[in-house]
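Reading the structure
Each chain is listed here by its residues.
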Amino acid sequence: METILKTAGEKALFWASRQGVEAEAYLLYDKELSIEVRADEVETLKKAEEIGLGLRVINQGRLGFAYSTDLGEKSIRAMVQDARESSEYTAYDSCHVLPEASPSYPLLQLYDPEINTRTIEEKVDLARKTEKTAREFDPRVKLVERSVYEDSEMLTLILNTRGLEASVRVNYAALYIFLVAEEEGDAQNGFSMLAQKKFRGLDPVFVGQEAAGRAARSLGAKGIEPARMTCVMEPGVAVKFMGLLAPSLLADTVHKGKSMLARLEGQEVANPLFNLIDDACMEEGIASYPFDAEGVPCRKNTLIEQGVLKTFLYDTYSAHRARRDSTGSARRGSFRGLPGVGTSNLILAAGTTGADDLFAAINRGLLITEVMGMHTANPFSGDFSVGAAGFLIPAW
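Residues numbered from 1 in each chain as written. Predicted model: local features only at pLDDT ≥ 70, side-chain atom pairs only at ≥ 80, totals over all residues. Heavy atoms only, no water.

**Topic: the sheet that holds strand β3 (residues 62–68)**
Strand order across the open sheet formed by six strands is β3-β2-β1-β4-β5-β6, with antiparallel pairing between neighbours. Edge strands, defined here as strands with exactly one partner in the open sheet, are β3 and β6 (186–196). This sheet shows a mean twist of 20 degrees between the axes of neighbouring strands, independent of strand direction. As judged from the 17 bridges shared by strand β1 (residues 22–38) and strand β2 (residues 41–59), these two strands associate in the antiparallel manner. Counterpart to Leu-33 in the pairing with β2 is Lys-47. Relative to β3, helix α2 (residues 73–87) is tilted by about 150 degrees, and along the sheet it contacts β2 and β3. (Pairing = 2+ DSSP bridges. Helix = DSSP H or I, 4+ residues; strand = E, 2+ residues; numbered from the N terminus. Axes fitted to C-alpha atoms, helices over the stretch in contact; angles between N-to-C directions. Contact = heavy atoms within 4.5 Å.)

This is the structure we're talking about:
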């Protein structure tokens, strides 16, 4: 498959050079499997494959783009023509440049062959065991909406007319479950998900028990009077708030004047205990790659250190605009779109205080296990007003 992709990419660059433009070929082969189990029976089993090429051209500072799922000679030539012609209708921008070739990339083990060699039956059994565990963990689990096994494998190849060539094969596997627990007319939802780079890292017992426990613990919940109190967030809740913060750390958002952190680089923006990192080089990270969506080597970027904003994330375009170096943060969802700035593995570094000591130090507080209405939060201003559910501290 890599040979097929490389041949197509080289043809695209050849014809682009004949058109007198710089070009980048982004090629992707994606294979996915999804197995959905309900009541111990396989409800759906889907296998899908996709292959395609996205071509970005730069015609004397003007950007053009086209893509194709047909890697035949005729289609490639037509795609190159379309990309060049589209560039004639875009504005000149000196920051439209392609990255130079890199002499090396980080050596990361991002492919587990076991995911590919395990049988369909074994993968079905994982979904079944997740469901069975959830039902056995608490008899109040009355409905399992779906218990799912998924895996995905991607082969990515990037070539450009500046001599850059980068390729990698990655995969991962995941289990997740949606269920409902009921008691005395009260019904509560439960969800759990575990995604792993290694097949052997999947734990259906953990996933099933966590989902059942989350649903059951909320049965019979009551409201409380309005109060101002210390709040502790479960990791899943903290992730949602990191999602609200993340856009403000992207250089293109800063340039558009939509970042609440604009002009605060080098200043204290959070508690000194707050440390935020974006690391695309973690071998266990689901979003890890040795290079970004333009072929720039990945790196570990410290965004906020001891509460001080250290840097924003940049792709090649935004880096040239800010006269900075790219942080290896170009991302794209598929070959159908242009790259843009994005996060990889966004990590809120752990503190030094254990959970028991943390709760013991709180006279009255709330352990937040769920927030409602995060879609109404404003990622540009950071303003939010959401509902919350959880357990009182210390009575939780």
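**Focus on the environment of Tyr-176**
Assignment of secondary structure puts Tyr-176 in strand β5 (residues 165–183). With relative accessibility at 15%, the residue Tyr-176 sits in the buried group. Once the C-alpha coordinates of Tyr-176 and Glu-265 are considered, the two residues, 89 residues apart in sequence, prove to be 39 Å apart. Among residues more than four places away in sequence, those in contact with Tyr-176 are Arg-146, Ser-147, Val-148, Glu-150, Phe-191, Ser-192, Met-193 and Val-207. Only 3.1 Å separates the side chain of Tyr-176 from the side chain of Glu-150, close enough to count as a polar contact. (Buried < 20%, exposed > 50% of the residue type's maximum accessible area, 1.4 Å probe, protein only. Polar contact = N/O pair within 3.5 Å; in protein donor to acceptor, adjacent residues only side chain to side chain.)

**Some points on the side chain of Asn-345**
Inspection of the secondary structure puts Asn-345 in the loop between β12 (340–341) and β13 (346–348). From its side chain, Asn-345 meets the backbone nitrogen of Ala-287 in a polar contact 3.1 Å long. A distance of 2.8 Å separates a polar atom in the side chain of Asn-345 from a polar atom in the side chain of Ser-288. Once residues within four sequence positions are removed from consideration, Asn-345 is found in contact with Ile-277, Asp-278, Asp-279, Ala-280, Met-282, Gly-285, Ile-286, Ala-287 and Ser-288.

**Here we look at the packing of aromatic side chains**
Counted according to the given criterion, the structure contains eight aromatic pairs. With a centroid separation of 5.9 Å and 85 degrees between ring planes, the pair formed by Tyr-176 and Phe-178 is classed as edge-to-face. Relative accessible area serves as the criterion here: at 24%, Phe-178 is assigned to the partly exposed category. Here the aromatic rings of Phe-178 and Phe-191 are separated by 4.6 Å at their centres, their planes lie at 35 degrees, and the arrangement is tilted. Of the two residues, Phe-178 is situated in strand β5 and Phe-191 in strand β6; the sequence distance between them amounts to 13 residues. Look at Phe-191 and you get partly exposed, because its relative accessible area is 32%. (Phe/Tyr/Trp six-rings, centres within 6.5 Å; stacked < 30°, edge-to-face > 60°.)

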